[in-house]
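# Secondary and tertiary structure notes
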Amino acid sequence: MVHAIASTYRERSHFDGQNILESGGITPYARKDGFLNRLIPLIDAQSRKSLALSSSIPLALRGAAEVGNFAPTKLPTANDDLINRLTMLYAQDEMLAPIWQSAIDTKNLAGDLSAENGRNGEKIGQLAANLMKGSQAAQLLMIETTGWDTHAQQFGRLNAQVRGLDAMLGAIKSGLGLDWDNSLVIIATEFGRTAAMNGTRGTDHGTASVLMMCGGNINSGGKIIADWPGLSQSALYEGRDLRPTMSMELEISRALAAHYGLDVARVQRSLYPDMV
């Protein structure tokens, strides 16, 4: 856990904050590609898939490097006969054949969960683990979760969100099995919440938050890393938010560099070029 952490963004807009987080820029909408897409050439992942577990590719994974996406469907599962006929139909098409085959490979990796529209944490975690196992698995995968904007009645809503996140992480760990020892999971958000509750027993958009990292490849696990500023009124940022004392960009760069055996400065230059 890395606490009292934030990106360079300070204005508390979800849209702008998420754009900064995912693009790795310092100004909203200035960059059109994402920081994770810029990571792909550094880790030599071109021969293996990079995937977004969502209905569209998030900004963080958009860019020059090829990336796919996969999402559970509400539609009935296509039967094997239809799949085989389409495979034969596309086989001689130079453009469609590799795209179709990539989709089929991903579907096979996902397994039966792909037909269940599993929206709860455990099923999403199982699906993510399935997509990251085996020789054709994704080396880099991103999951987007929503529902964290707790302006009202935060206790019940946040408890449900955290239970879902816990179930997701547990399913990823158990699903990966021995591969968990070579994994790194980073959980980040665009900003934190206010230090005090509002009148509807929730919290409003804030500044500093927490960066969570887990996985079998983290040597310093079980620790809280922080330059803790405190929660007294004088210590709060603009009198309302946890003050940021740690850099989201630097800590992510350090974690990824350690995980992939890369130079930290090189990773930071690639992922966050506008900061260097």
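Refer to the structure above for everything that follows.
Residues numbered from 1 in each chain as written. Predicted model: local features only at pLDDT ≥ 70, side-chain atom pairs only at ≥ 80, totals over all residues. Heavy atoms only, no water.

## Side note on the packing of aromatic side chains
Per the counting criterion, the structure on display carries one aromatic pair. The interplanar angle of 20° and the centroid separation of 5.9 Å between the aromatic rings of F35 and Y272 together place this pair among those described as stacked. Taken together, the residues span a long stretch of sequence, with F35 in helix α2 (residues 35-39) and Y272 in the segment after α8 (264-271) at a distance of 237 residues. Here the two residues F35 and Y272 agree in accessibility, since each one is buried. (Phe/Tyr/Trp six-rings, centres within 6.5 Å; stacked < 30°, edge-to-face > 60°. Helix = DSSP H or I, 4+ residues; strand = E, 2+ residues; numbered from the N terminus. Buried < 20%, exposed > 50% of the residue type's maximum accessible area, 1.4 Å probe, protein only.)

## Observations concerning the sheet that holds strand β4 (residues 138-143)
Spatially, the three strands line up as an open sheet ordered β3-β2-β4, and their pairing is parallel. Sheet topology places β3 (68-69) and β4 at the edges, where each strand pairs with a single neighbour. Two elements, strand β2 (residues 49-53) and β3, share two bridges in a ladder whose sense is parallel. The residue of β3 that forms the bridge with A52 is N69. (Pairing = 2+ DSSP bridges.)

## Section: the environment of Y29
Tracing the chain through its elements places Y29 in the loop between α1 (14-23) and α2. Accessibility expressed as a relative area gives 41% for Y29, which makes it partly exposed. In this structure the C-alpha to C-alpha distance between Y29 and N19, which are ten residues apart in sequence, comes to 6.5 Å. For Y29, the residues in contact, after removing those within four places along its chain, are F15, D16 and N19. A distance of 3.0 Å separates the side chain of Y29 from the side chain of D16, its partner in a polar contact. (Contact = heavy atoms within 4.5 Å. Polar contact = N/O pair within 3.5 Å; in protein donor to acceptor, adjacent residues only side chain to side chain.)

## With respect to the nonpolar core
Of all hydrophobic cores here, the largest spans 26 residues; its most connected members are F35, L36, L39, L61, I252, V267 and L271. At the level of elements, β1 (2-6), α2, β4, α7 (248-260) and α8 are the ones that each hand at least two residues to this core. No other element matches α7, which puts four residues into this core. Leaving out residues up to four positions away in the same chain, F35 has contacts with L21, E22, S23, G24, A60, I252, L271 and Y272. (Core = buried A, V, L, I, M, F, W, Y, C linked by side-chain atoms within 4.5 Å.)

## Observations concerning unusual backbone geometry
The phi torsion at A4 lies on the positive side, around 55°, for a residue other than glycine. Structurally, the position occupied by A4 is in strand β1. The phi dihedral of R12 is positive, around 75°, even though this residue is not glycine. Structurally, R12 can be placed in the loop between β1 and α1.

## Description of the packing of α7 against α8
Here α7 crosses α8 at 125°, and the two axes come no closer than 9 Å. Judged by the inter-axis angle, α7 sits oblique to α8. The hand of the α7/α8 crossing is right-handed. Side by side, α7 and α8 meet where L250, S253, R254, L256 and A257 of the first sit next to V264, V267, Q268 and L271 of the second. (Axes fitted to C-alpha atoms, helices over the stretch in contact; angles between N-to-C directions. Parallel < 35°, antiparallel > 145°, perpendicular 65-115°, else oblique. Left-handed = near helix turned anticlockwise from the far one by under 90°.)

## Quick word on the pattern of salt bridges
Between side chains of opposite charge, a pair can form as their charged atoms come close. Overall, the coordinates contain eight salt bridges when judged by the stated rule. With a closest N to O distance of 2.7 Å, D241 and R12 form a salt bridge. With D241 in the loop between β6 (209-214) and β7 (246-247) and R12 in the loop between β1 and α1, this pair connects stretches of sequence that are 229 residues apart. With a closest N to O distance of 3.2 Å, R31 and D274 form a salt bridge. Placement of the pair is R31 in the loop between α1 and α2 and D274 in the segment after α8, with a sequence separation of 243 residues. Take D274: its relative accessible area is 33%, and that puts it in the partly exposed class. Among the charged side chains, a salt-bridge network with shared partners connects R12, E238, R240 and D241. (Salt bridge = Lys/Arg side-chain N within 4 Å of Asp/Glu carboxyl O.)

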